[in-house]
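Listed here are the chains, written in short residue letters.
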Amino acid sequence: MKITARIPLALVITAGAATPGLAQQPASTDFPPAISVSGEASVSAPPDLAQIDAGVASDAKTAREAAEANNTAMAKVLQALKAAGIEDKDYQTSRLSLQPQYAPNRPGQSTVVGYRASNRVTIKLHDVSKVASLIDTVVGAGANDVGNVYFTVAEPSKLLDQAREKAVADARRKAEIYAKAAGVTLGAPLSISEEGTPTPMFRVKTLAAPMAAASTPVAQGEETLSIAVSVTWAIKTGQ
């Protein structure tokens, strides 16, 4: 999934400041002629971190029975995670609930017919090639509430820095085109601003209950990290 903050391309040439009389004004009142453009760039990379939500939902006649059944089932899931080599720091309880269940489609006051206890954990997996096998593992251990799988880049800073350099180069290329067309010379950049907040994320939804006869199909895809910048360049006239 490509996430890009796009800025409309703008050409701003301050006309009055180009006259000789105005050029002799003090710097505090001088508005230098300038060209403002946007630059964009993207860098792609395979994800190296996955996050999986998995858990157990248990139904019973009483709240205590539902809670006890859920505790027993969830303990097996956690044991399976440890057996799969997942470290304690890489999984965390994300939701724990116990709620009454009501009889459907009955007029009047709702009747409680049972209780549902649920316990979910969020699992971080540093080897994305093992996502499918881990899902099969937790489902085999009793997990019946598998949510989404999120793929991302663990340390996107270096990739984003590459995209920033390319985005500024893209802005310079555009500014030089406009400067040449306007018969002026491009000077130094007066301001550079990054538009939006880059938040790269690639998400794949998984089935809630994968079939035991086949491995869960998971597509890792590729991350696309995008940057947009706005740059204002000084221009030199009369050369």
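None of these values were measured; they are calculated from a predicted model.

A. Layout of the overall build of the protein. Looking only at helices and strands, one finds four helices and nine strands in the protein. Looking at the 239 residues of the protein, the share that counts as buried comes to 37%. Here the analysis covers contacts within the protein between residues at least 6 apart in sequence; of these, 80% occur between residues at least 24 apart. For the protein, the exposed area adds up to about 13,800 Å²; of that, 54% sits on carbon and sulfur atoms.

B. Structural detail: the environment of A175. Mapped onto the secondary structure, A175 falls in helix α4 (residues 157–182). A relative accessible area of 0% means that A175 is categorised as buried. Along the chain, A175 and G187 lie 12 residues apart, while their C-alpha atoms are 10.0 Å from each other. Residue contacts for A175: discarding those within four places in its chain leaves I35, V37, L186 and W233.

C. Expanded view of helix α2 (residues 63–83). Compared with an ideal rise of 1.5 Å per residue, which puts 21 residues at 30 Å, α2 spans 30 Å between its outermost C-alpha atoms and is within 8% of the ideal. Every buried residue of α2 is accounted for by A66, N70, A73, M74, V77, A80 and L81. For α2, the angular spread of the buried residues around the axis is 105°, confining them to a single face. The exposed residues of α2 that point more than 90 degrees off its buried face are R64, Q79, K82 and A83. Against the buried residues of α2 lie β3 (49–60), β4 (91–102), β5 (112–125) and α3 (131–140). Backbone geometry just after α2 places G85 at a positive phi near 90°.

D. Seen up close, the environment of I52. Counting through the fold element by element, I52 comes out in strand β3. Judged by its relative accessible area of 2%, I52 is buried. Measuring from C-alpha to C-alpha, the distance between I52 and Y91 comes to 9.2 Å, with 39 residues separating the pair along the chain. Dropping the residues within four chain positions of it, I52 is found in contact with V121, T122, I123, V131, L134, I135, N148 and V149.

E. The arrangement of the layout of surface pockets in detail. Each pocket or cavity is described by its volume, and for the largest pocket that value is around 190 Å³. Taken together, 13 residues make up the lining of the largest pocket; nearest its centre are A84, G85, I86, L125 and K130. Contributions of two or more residues to the lining of the largest pocket are made by β5 and α3. Ranked by the residues each element gives to the lining of the largest pocket, the list is headed by α3, at three residues. Within the lining of the largest pocket, the residues separate by chemical class into four nonpolar, four polar and five charged.

F. Structural detail: α4. Given a rise of 1.5 Å per residue, 26 residues ought to cover 38 Å, and the 37 Å separating the end C-alpha atoms of α4 matches this to within 8%. All buried positions along α4 are accounted for by L159, L160, A163, A167, D170, A171, K174, A175 and A179. Looking at the buried positions of α4, the neighbouring elements they touch are β2 (34–45), β7 (185–194) and β9 (223–236). G183 lies just past α4 and shows a positive phi near 75°.

G. Up close: the pattern of salt bridges. For the structure on display, the rule yields 11 salt bridges. R95 is paired through a salt bridge with D145; the nearest N and O atoms lie 3.3 Å apart. Separated by 50 residues along the polypeptide, R95 in strand β4 and D145 in the loop between α3 and β6 (148–152) bring together distant segments of the chain. Owing to a relative accessible area of 42%, R95 belongs among the partly exposed residues under this scheme. Here the residues in one salt-bridge network are E87, K89 and D90, joined through shared partners.

H. Spatial organisation of the confidence of the model for the protein. Residues at a pLDDT of 70 or more form 74% of the protein, whose mean pLDDT is 81. Across the protein, the element-wise mean pLDDT spans from 34 in helix α1 (residues 20–23) up to 96 in α2. Low pLDDT, under 50, characterises residues 1–29; the stretch is placed with 51 contacts to residues that sit more than four places away or in other chains. Across residues 203–213, where pLDDT falls below 50, the model places 18 contacts with residues more than four positions away in sequence or in other chains.

Conventions adopted
Residues numbered from 1 in each chain as written. Predicted model: local features only at pLDDT ≥ 70, side-chain atom pairs only at ≥ 80, totals over all residues. Heavy atoms only, no water. Helix = DSSP H or I, 4+ residues; strand = E, 2+ residues; numbered from the N terminus. Buried < 20%, exposed > 50% of the residue type's maximum accessible area, 1.4 Å probe, protein only. Contact = heavy atoms within 4.5 Å. Areas by Shrake-Rupley, 256 points an atom, 1.4 Å probe, with all protein chains shown as cover. Expected span 1.5 Å × (residues − 1). Arc of directions from axis to C-beta. 1 Å grid on protein atoms, 1.4 Å probe; cavity = no way out; pocket = protein on both sides within 12 Å on 5 of 7 lines; lining within 4 Å. Points joined across faces, edges and corners; volume = space filled by probe spheres on them. Nonpolar A, V, L, I, M, F, W, Y, C, P; charged D, E, K, R; others polar. Salt bridge = Lys/Arg side-chain N within 4 Å of Asp/Glu carboxyl O. pLDDT = per-residue confidence, 0-100.

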